[in-house]
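Take a look at the letters that make up each chain.
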Amino acid sequence: MEPMAPPAAKRRPMAEINVVPYIDVMLVLLIIFMVTAPMLVQSVPVNLPDVDATPTEIEPDDSTIIVSVNERGIYFIERDEGQPTAMTLGEIQDYAQKIIGAVPETRLMIRGDEAVPYGKVVALMGGLQSVGINNVGLITEAPDPEARR
């Protein structure tokens, strides 16, 4: 009878996870988000007035329309489609009335440059009120606490 061969040593599975590829992927995604995030915010350049008020956190989404008035008093509706185009008060009234008619819970916010004549913002608010839009918010910027020192 032949001698029996010793049993083959069993290989145990490795209990470690190699995380280096995951870190590489995470760093690449971080760089992509850092590069693309500033490009996603395309809006009309407006210097908002500084006011002391309790900040309200409103995230612009599909249920928010933002109407901007630049320093020259030109109206813009900010949409996701890139560069905003100048619009007349009548065009803004028609657009807002259609949107509010289709989606009544839509919020309308106004961003007015601090250099724009007060009458332009009041004309916009009055024009929106004349087509039945009464719930309008004003976007301002909180003052810099360091500027007072």
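Because the structure is a prediction, the values reported are computed rather than measured. (Residues numbered from 1 in each chain as written. Predicted model: local features only at pLDDT ≥ 70, side-chain atom pairs only at ≥ 80, totals over all residues. Heavy atoms only, no water.)

S.K.: How should a nonpolar patch on the surface be read in this particular structure?
M.R.: Taken together, the side chains of Ile17, Val19, Tyr22, Ile23, Met26, Leu27, Leu30 and Met34 make up a nonpolar region of the molecular surface, amounting to roughly 840 Å² of accessible area. When you line up the elements, leucine 30 lands in helix 1 (residues 20-40). When its relative accessible area of 43% is taken as the criterion, leucine 30 is described as partly exposed. (Patch = residues over 30% accessible without salt bridge, like charges linked within 9 Å, V, L, I, M, F, W, Y side chains within 5 Å. Areas by Shrake-Rupley, 256 points an atom, 1.4 Å probe, with all protein chains shown as cover. Salt bridge = Lys/Arg side-chain N within 4 Å of Asp/Glu carboxyl O. Helix = DSSP H or I, 4+ residues; strand = E, 2+ residues; numbered from the N terminus. Buried < 20%, exposed > 50% of the residue type's maximum accessible area, 1.4 Å probe, protein only.)

S.K.: Sorry if this is basic, but what is going on with the side chain of aspartate 113 here?
M.R.: Among the structural elements, aspartate 113 can be located in the loop between strand 4 (107-112) and helix 3 (118-130). At 2.8 Å, the side chain of aspartate 113 and the backbone nitrogen of alanine 115 are in polar contact. (Polar contact = N/O pair within 3.5 Å; in protein donor to acceptor, adjacent residues only side chain to side chain.)

S.K.: What is the right way to read the side chain of threonine 64 from this model?
M.R.: Inspection of the secondary structure assignment puts threonine 64 in strand 1 (residues 64-69). Here arginine 107 takes part through its side chain, which lies 2.8 Å from a polar atom of the side chain of threonine 64.

S.K.: What exactly am I supposed to notice about helix 3 here?
M.R.: Structural remark: α-helix, 3.6 residues per turn; residues separated by three or four positions point the same way. For helix 3, with 13 residues, the first-to-last C-alpha span of 18 Å sits near the 18 Å given by 1.5 Å per residue. Of the residues making up helix 3, those classed as buried are Val121, Leu124, Gly127 and Leu128. Seen along its axis, helix 3 keeps its buried residues to an arc of 125°; they face one direction. With respect to the buried face of helix 3, the exposed residues turned more than 90 degrees away are Tyr118, Gln129 and Ser130. On its buried face, helix 3 sits against strand 1, strand 2 (75-78), helix 2 (89-102), strand 4 and strand 5 (136-139). Two residues or fewer past helix 3, glycine 132 is found with a positive phi of approximately 95°. (Expected span 1.5 Å × (residues − 1). Arc of directions from axis to C-beta. Contact = heavy atoms within 4.5 Å.)

S.K.: Looking at this structure, how should I read the packing of helix 2 against helix 3?
M.R.: Any two packed helices are characterised by the angle at which their axes cross and by the distance between the axes. In contact at an axis separation of 9 Å, helix 2 and helix 3 are set at 40° when each is read in the N-to-C sense. Classed by the angle they form, the pair helix 2 and helix 3 counts as oblique. The way helix 2 lies across helix 3 gives a crossing that is right-handed. Of helix 3, the residues touching helix 2 (which contributes Leu89, Ile92, Gln93 and Ala96) are Ala123, Leu124, Gly127, Leu128 and Ser130. (Axes fitted to C-alpha atoms, helices over the stretch in contact; angles between N-to-C directions. Parallel < 35°, antiparallel > 145°, perpendicular 65-115°, else oblique. Left-handed = near helix turned anticlockwise from the far one by under 90°.)

S.K.: I keep staring at the environment of aspartate 113 and nothing clicks. Help me out?
M.R.: Residue class for aspartate 113 comes out buried when judged on its relative accessible area of 5%. The spacing of aspartate 113 and arginine 72 is 41 residues in sequence and 8.8 Å in space, taken between C-alpha atoms.

S.K.: Explain the pairing of strand 4 here, please?
M.R.: Each regular strand displays side chains that alternate between the two surfaces of the sheet. Of all six residues making up strand 4, five are buried, and the element is well covered by its neighbours. Looking at chain direction, strand 1 and strand 4 are connected through six bridges and run parallel. Its bridge partner being in strand 4, isoleucine 65 is matched across the sheet by leucine 108. Examined bridge by bridge, strand 4 and strand 5 share four bridges and lie parallel to one another. Across the sheet, arginine 111 pairs through a bridge with isoleucine 139, a residue of strand 5. Regarding topology, helix 3 serves as the crossover connection from strand 4 to the parallel strand 5, and that connection is right-handed. (Pairing = 2+ DSSP bridges. Right-handed = clockwise from strand over helix to strand, strands pointing away.)

S.K.: Mind showing me how you'd approach the confidence of the model for the chain here?
M.R.: On average, residues of the chain carry a pLDDT of 77, and 70% of them reach 70 or more. Looking over the chain, one finds the lowest element-wise mean pLDDT in strand 5, namely 81, and the highest in helix 2, namely 87. (pLDDT = per-residue confidence, 0-100.)

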